[in-house]
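Residues per chain are reported as follows:
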Amino acid sequence: MRVLSSAVVTAASLLPGLVSAINFDCEHIKKDNYKYDLSPLGGVHELYHAEKVDGSILNTTYVLNVCNILGGAAIRGNLNCGRSRNICGFEYTYEDGNPTSSRTFPIVGLEPMGGGEKDVEITRLKTDDSEVEGLRVKLTGGHYSNGEKKKKDAGAVIEFICDPALSGLEGLGEEEPKRLIRARAEDEDGDGEGDGEGNDDGEDDGPINNGTVPGRSLQFKSFGKADDDTYVLNLNWRTRYACDNYLEERGSSSSHWGFFTWLIVIFFLCAAAYLIFGSWLNYNRYGARGWDLLPHGDTIRDVPYLFQDWLRRVVNTFQGSGSRGGYSAV
């Protein structure tokens, strides 16, 4: 009994966290009488950003899953951001091409034990700019410290921009090139050309990566302190699922097929109900067995023969159409 009661108490304590975890339902988003489904964009995705800070290279990997928690993706080597998070950052500092330090910080999501809050704020982009169609989703629940004694609140602002030609997954499944991961210092004059020596496998690392990759639907914009003293990760995500009328257009294109599907289903249900009720009636009223149970059993048994007769009539009709009319000679 003690085990059961403790389990109930634990579940009750986690219930508020679980409710907060599901307050952003990617599949059922409704804003200003428009409906959106962003669930196809779910799954774990990664973005890379590298910059030069005080002579060192700061390489940050942003791991996100906007529709669910990260789970095992929140753990990288000895860094653990928390499985209940939705967006995490992993920072690696390099000096002379060698890693010197690393850390992780949560940007969006719940505490590891399900506590805390994850507020969601959704705005249609047309509210601010009538020429841009899509959604702006603001998520919170993280924290970040950039040398301050006290950690600051962190969050993310993702602008899902309508683009009918893109699914939103373009470029996300491809492996990032090494130059985005092993970023090195620019030339002292800051031209970003690199020293030309390349890495140990003979490939040139190239300039420091600013987080944008041509052809990819999801793009990094910035990460830094906002006006309200919180740290915000800004992302752009171009996808057809952010279009205002996408669900309506998709539904209208398949409405005819849906109608006929339901018509066939209803027909078979009615036929099954008729056979079952007729069989039950013949059994209780006449004590019928076997084929006699079925209503109109004689007709059903004669169906193959009736079909053969009908087929023979059709064949004879076509064969006789080519014969010459009138009386034949005796």
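Read on for an overview of the structure. (Residues numbered from 1 in each chain as written. Predicted model: local features only at pLDDT ≥ 70, side-chain atom pairs only at ≥ 80, totals over all residues. Heavy atoms only, no water.)

1. Focus on unusual backbone geometry
Note the following rule: Labels follow the DSSP assignment, with helices taken as runs of H or I lasting at least four residues and strands as runs of E lasting at least two, numbered in each case from the N terminus.
Positive phi, close to 65°, is recorded for N33, a residue that is not glycine. Looking at where N33 falls in the secondary structure, it is placed in the loop between β1 (29-31) and β2 (34-36). Even without a glycine there, the phi angle at D54 is positive, about 55°. Checked against the element boundaries, D54 lands in the loop between β3 (45-53) and β4 (56-64).

2. With respect to the state of the cysteines
The test is simple: Disulfide assignment relies on a single distance test, namely cysteine sulfur atoms paired within 2.5 Å. Note on exposure labels: buried denotes an accessible area under 20% of the residue type's maximum, exposed denotes more than 50%, and partly exposed covers the range between, all computed with a 1.4 Å probe on protein chains only.
Tallying each qualifying case throughout the model produces three disulfides. One disulfide bridge connects C81 with C88, the sulfur atoms lying 2.0 Å from each other. A torsion of -90° about the S-S bond marks the disulfide between C81 and C88 as left-handed. Since its relative accessible area comes to 0%, C88 is described here as buried. Assigning the bonded cysteines of the chain consecutive numbers by sequence position, one obtains the connectivity 1-2, 3-4, 5-6.

3. Here's the deal with the packing of aromatic side chains
Selection criterion: In this analysis, rings of Phe, Tyr and Trp, with Trp reduced to its six-membered ring, are considered paired at centre separations within 6.5 Å, and the interplanar angle assigns stacked below 30 degrees, edge-to-face beyond 60, and tilted for intermediate values.
In the structure shown here, the tally under the stated rule is twelve aromatic pairs. Pairwise contacts between aromatic rings join Y62, F105, Y144, F220, F223 and Y231 into one cluster.

Note that all results are geometric; they support no functional claim without further evidence.
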